[in-house]
Amino acid sequence: FYEGDIGERFYMILKGSVVIQRKDCSTGKELEVAKMDEGNYFGEVALIMDIGRTASVVVKEPSLILSINKKTFRSFLEMAGLDLMTVMRARIIEAFKKFKIPFFQAIPDEKFPFVAEKCRIEKYDKNETIFEEGD
């Protein structure tokens, strides 16, 4: 799928690998932001938040990928006793660890769940102002 597409499915890599790409706003070029292989999953953010895909995913070798539709994905979460925000918190923790922001790197691993719980995931439309000077 491509960045911005409507999310209808969740994916799990059973065999092979994919590359996650995001468009660079200044150049318009696709930038590789991650590689995923067996055991990794993707596509949950768009399903949970009802937003367009946050990145493009490109298969880099012959791969076997399991996909689950949105309704079934949400049913699985319910059966597992997980709410949508619990799943998103796991992704927030991954983001904290992946991005090289000094004050996040100083947080001990056992504290990440507490930090993630305090975070809010907010959806913004194109050209929307997040905050203004003086706020």
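Residues numbered from 1 in each chain as written. Predicted model: local features only at pLDDT ≥ 70, side-chain atom pairs only at ≥ 80, totals over all residues. Heavy atoms only, no water.

S.K.: What should I look at first to understand the overall build of the protein in this one?
M.R.: Along its length, the protein carries 5 helices and 6 strands. Starting at the N terminus and walking to the C terminus, you meet the elements of the protein as β-β-β-β-α-β-β-α-α-α-α. Principal-axis analysis of the C-alpha atoms gives the protein an extent of 50 × 40 × 30 Å. Looking at the protein residue by residue over its 135 residues, the buried ones come to 28%. A separation of at least 24 residues holds for 68% of the contacts in the protein among residues at least 6 apart in sequence. (Helix = DSSP H or I, 4+ residues; strand = E, 2+ residues; numbered from the N terminus. Buried < 20%, exposed > 50% of the residue type's maximum accessible area, 1.4 Å probe, protein only. Contact = heavy atoms within 4.5 Å.)

S.K.: I would appreciate a short explanation of the nonpolar core in the present structure.
M.R.: For soluble globular proteins, the rule of thumb is that nonpolar side chains tend to be buried together. Listed in full, the 11 residues of the largest apolar core are Phe-10, Val-45, Leu-47, Ile-48, Met-49, Ile-51, Ile-68, Phe-73, Leu-77, Val-87 and Met-88. Listed by contribution, the elements that provide at least two residues to this core are α1 (44–49), α2 (70–79) and α3 (84–98). If you tally residues by element for this core, the top one is α1, at 4 residues. Within the second largest apolar cluster, 9 residues are counted, among which are Val-18, Ala-34, Phe-42 and Val-57. (Core = buried A, V, L, I, M, F, W, Y, C linked by side-chain atoms within 4.5 Å.)

S.K.: Is there a simple way to think about the side chain of Ser-56 in this case?
M.R.: For Ser-56, the location among the structural elements is in strand β5 (residues 56–59). Here Ser-56 falls in the buried class, since its relative accessible area comes to 3%. Aside from chain neighbours lying at most four places away, what touches Ser-56 is Phe-1, Tyr-2, Glu-3, Val-19, Ile-20, Gln-21 and Glu-30.

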